[in-house]
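Examining the three-dimensional arrangement
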Amino acid sequence: AQTVTQSQPEMSVQEAETVTLSCTYDTSENNYYLFWYKQPPSRQMILVIRQEAYKQQNATENRFSVNFQKAAKSFSLKISDSQLGDTAMYFCAFMKPGSARQLTFGSGTQLTVLP
Amino acid sequence: DTEVTQTPKHLVMGMTNKKSLKCEQHMGHRAMYWYKQKAKKPPELMFVYSYEKLSINESVPSRFSPECPNSSLLNLHLHALQPEDSALYLCASSQDPGGAPQDTQYFGPGTRLTVL
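Below or above, wherever it landed, is the structure these notes cover. (Residues numbered from 1 in each chain as written. Chains lettered and ligands numbered in written order. Predicted model: local features only at pLDDT ≥ 70, side-chain atom pairs only at ≥ 80, totals over all residues. Heavy atoms only, no water.)

1. Considering the state of the cysteines
- Applying the stated rule across the entire model yields two disulfides over all chains.
- Covalent S-S linkage joins A:Cys23 and A:Cys92, the inter-sulfur distance amounting to 2.0 Å. Looking along the S-S bond of the A:Cys23-A:Cys92 disulfide, the torsion reads about -70°, which is the left-handed sense. One end of the pair, A:Cys23, is in the loop between β3 (19-21) and β4 (24-26); the other, A:Cys92, is in strand β10 (residues 88-95), with 69 residues separating them in the sequence. Summarising the burial analysis for this pair, A:Cys23 and A:Cys92 share the class buried.
- Here B:Cys23 pairs with B:Cys91 through a disulfide, and the sulfurs are 1.9 Å apart. Here the disulfide of B:Cys23 and B:Cys91 is left-handed, its torsion about the S-S bond being about -70°. Of this pair, B:Cys23 sits in strand β3 (residues 18-25) while B:Cys91 sits in strand β9 (residues 87-94); the two residues are 68 residues apart in sequence, bridging distant segments of the chain.
- Here B:Cys91 falls in the buried class, since its relative accessible area comes to 0%.
- Looking at B:Cys68, it has no disulfide partner, and the nearest cysteine sulfur is the one in B:Cys23, 9.3 Å off. (Disulfide = S-S within 2.5 Å. Helix = DSSP H or I, 4+ residues; strand = E, 2+ residues; numbered from the N terminus. Buried < 20%, exposed > 50% of the residue type's maximum accessible area, 1.4 Å probe, protein only.)

Written as structure tokens, this is what we have:
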């Protein structure tokens, strides 16, 4: 079974600064997918970024980028130029390819962007 | 367009009521999911439908009854719920449950359920 660990229950960052959220996972699989979702107070789960394990290049989406270290089983999210709208709960998630397509979520990190 | 819609947004029901939650997507996705989420916790998978057939039931009590009338619609029928069933119920969909290399689940905004 896969496990996903987010060791930072809460974090805060000043507006316009950079923050990194950590995520580690445990799996015996070689091929899999990793995701970061954000859930603002409006409660909708929004996909932030996605990484395929077979790709060595780190995924980037505008101000969001990941540092994917496959050997270390680490998948951190960096948010640059933080904005007030980035305030949300961030969940790291793991998915094994296959018919089930089940997501394993971490416990989440509550990020607050301070004005 | 990656929109998944859910109705109603809020629902309050008594323990003897029967109600239904509705989820809809028009992205041509063939897999649909129900999750239950308690406050400050990650979502917990309840059911997965793949090509309109129930493929996963995560040992959910029978007072929750899913239904997939067609590939765009997913319902969750509720009957004789308990107060501990109060939670946010999220629906999600994904393109291909059978092995697409870039399958991703897209979530709806959720239904906030309160059982009195």
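There is more to say, and it comes next.
2. Some thoughts on the pattern of salt bridges
- Summed over the entire model, instances satisfying the criterion amount to eight salt bridges over all chains.
- B:Glu24 is paired through a salt bridge with B:Lys22; the nearest N and O atoms lie 3.8 Å apart.
- Look at B:Lys22 and you get partly exposed, because its relative accessible area is 36%.
- Of the charged contacts, one joins B:Arg30 and B:Glu52 as a salt bridge, the two residues approaching to 3.3 Å between their closest N and O atoms. On the criterion of sequence distance, the pair formed by B:Arg30 in the loop between β3 and β4 (31-37) and B:Glu52 in the loop between β5 (44-50) and β6 (53-57) is long-range, its members being 22 residues apart.
- Residue B:Glu52 is classed as partly exposed on the basis of its relative accessible area, which comes to 35%.
- One network of salt bridges, with partners in common, ties together A:Arg50, A:Glu52 and A:Lys55. (Salt bridge = Lys/Arg side-chain N within 4 Å of Asp/Glu carboxyl O.)

3. A few points about the interface of chain A and chain B
- Listed as interface residues are 23 residues of chain A and, on the opposing side, 30 residues of chain B.
- Summed over both sides, the interface of chain A with chain B buries roughly 2,000 Å², with 49% coming from carbon and sulfur.
- Here chain A is connected to chain B by zero salt bridges.
- On inspection of chain A and its partner chain B, the count reaches eight residue pairs in polar contact (both at pLDDT 80 or more).
- Among the secondary structure elements, those contributing two or more residues to the side of chain A that touches chain B are β5 (33-39), β6 (46-52), β10 and β11 (103-105) of chain A.
- For the side of chain A that touches chain B, a count of residues per class yields 11 nonpolar, seven polar and five charged. (Contact = heavy atoms within 4.5 Å. Buried area = accessible area lost by both parts, 1.4 Å probe. Polar contact = N/O pair within 3.5 Å; in protein donor to acceptor, adjacent residues only side chain to side chain. Nonpolar A, V, L, I, M, F, W, Y, C, P; charged D, E, K, R; others polar.)

4. Structural notes on the sheet that holds strand β8 (residues 73-79) of chain B
All names here are of chain B.
- Here we have four strands laid out as an open sheet, ordered β1-β3-β8-β7, and antiparallel in their pairing. Each edge of the open sheet carries a strand with a single partner, namely β1 (4-7) and β7 (64-70). Strand-to-strand, the axes of this sheet are offset by a mean angle of 20°, without reference to chain direction.
- Pairing of β7 with β8 involves five bridges; the strand directions are antiparallel. What sits directly across from Phe 64, in β8, is Leu 78. (Pairing = 2+ DSSP bridges. Axes fitted to C-alpha atoms, helices over the stretch in contact; angles between N-to-C directions.)

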